[in-house]
Each structure stands twice: as C-alpha cells, then as structure tokens.
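A look at the structure
The lines below spell out each chain.
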Amino acid sequence: MRMISKSVDETKEIGRKIAKKLKAANIVALFGELGSGKTVLVKGIAEALGVKANRVVSPTFVLLREYKAKIPLYHFDLYRLGKTDSQRLGFDEYLFGSGISVIEWADRIEPSLPQKYLRIEISIIDKNKRLIKITKKD
C-alpha cells in the first residue's frame, strides 16, 4: 500500500490507523532517511495505544524507550549502530515478547529481522509531503 502524507498530523494519523491493526509480538520496521518522519509515525502509533504523543521522543542515545500502554510499546532507534545482528544486541526478548516493537533505522538489522513484520518505508517528497509505503512481510 502506498499513500502520501501532506503534514505531520497526517503522518500521525497514519500511525494511529496502523496501530489499530497491531497486536502483541508484532514488529514494525521503519526505513527512511533522517528527517523523513519515522518518529512522527511512532507518535501516532503510541497515541492509539494510549501513550501521550509528547512523551514519545527518538531514543537515539539509549537505543530503546519502553512505553507502558494497552500493549507495551518498544521503540528502538538504531541510527547510531552499524549493521549488526539483533541477537547480538539482545533485542529478541523484546521482538518476540508481549509488546509491539517499532524499529527506526531497521536497515541496521534487516538481515536478522524475522520473516513476519510490517515494513514501512518513508520517503521525503518535499518539506511537508512524505510517501509512505507499507508492506506486510510473511
């Protein structure tokens, strides 16, 4: 599925819609360049799960932020990592646990992602517009 977001609010709304279809142990892998709106999308997902969007910030310096919600939300940001294996990082207990894992910069661990995950690619069209491509990997 492909869609165009014309604003931050539209990107958050897309995140909220995605969240309605997520359940425990789901993995959402986000791909896109710096400033494309990955964290904005996570804010929408978090809001739909009952987390205030202003609490959601990029976990760039800590790799993971955990939010208590209807279903726990594990928000990873792998920007500062080189390409690596998720098992070496100890992420598997989160990825296959009781929460929803959303991974920014998922390209860093792409070879070790499980077979089933939701792949979301965000591309910058211009200052406000984003192309969001969603693919379900089985």
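Figured I'd write up the structure that's included with this text. The shown structure was predicted, so the numbers you read here are calculated from the model rather than taken from an experiment. (Residues numbered from 1 in each chain as written. Predicted model: local features only at pLDDT ≥ 70, side-chain atom pairs only at ≥ 80, totals over all residues. Heavy atoms only, no water.)

Another point: unusual backbone geometry. For Ala25, which is not glycine, the phi dihedral falls at a positive 75°. Position of Ala25 relative to the elements: it lies in the loop between α1 (8–19) and β2 (27–32). The exposure class of Ala25 is partly exposed, given its relative accessible area of 34%. Despite not being glycine, Leu63 shows a phi value in the positive range, around 70°. By the element assignment, Leu63 lies in the loop between α2 (38–49) and β3 (64–67). (Helix = DSSP H or I, 4+ residues; strand = E, 2+ residues; numbered from the N terminus. Buried < 20%, exposed > 50% of the residue type's maximum accessible area, 1.4 Å probe, protein only.)

For the rest of this paragraph, the subject is the side chain of Ser36. Position of Ser36 among the secondary structure elements: in the loop between β2 and α2. Its relative accessible area of 1% is what places Ser36 among the buried residues. A distance of 2.8 Å separates a polar atom in the side chain of Ser36 from the backbone oxygen of Glu33. With near-sequence residues (within four places) excluded, Ser36 lies in contact with Ile122, Ile124 and Arg130. (Polar contact = N/O pair within 3.5 Å; in protein donor to acceptor, adjacent residues only side chain to side chain. Contact = heavy atoms within 4.5 Å.)

This part covers the packing of aromatic side chains. This model, assessed by the stated rule, comprises one aromatic pair. The interplanar angle of 55° and the centroid separation of 4.8 Å between the aromatic rings of Tyr79 and Trp105 together place this pair among those described as tilted. Highlighted residues: Tyr79 in the loop between β4 (73–77) and α3 (86–89) and Trp105 in the loop between β5 (100–104) and β6 (117–124), separated in sequence by 26 residues. On the basis of relative accessibility, which here comes to 30%, the residue Tyr79 falls in the partly exposed class. Seen from the ring of Trp105, Lys38 lies directly overhead, with NZ or CZ sitting 4.1 Å from the centre. (Phe/Tyr/Trp six-rings, centres within 6.5 Å; stacked < 30°, edge-to-face > 60°. Lys NZ or Arg CZ within 6 Å of the ring centre and 35° of its normal.)

The next subject is the pattern of salt bridges. Summed over all chains, the structure comprises five salt bridges. A salt bridge links Asp107 to Arg108; its shortest N-O distance comes to 3.0 Å. Overall, Arg108 belongs to the buried group, its relative accessible area being 14%. Bridged by salt links that share partners, the residues Glu13, Arg16 and Glu47 form one connected network. (Salt bridge = Lys/Arg side-chain N within 4 Å of Asp/Glu carboxyl O.)

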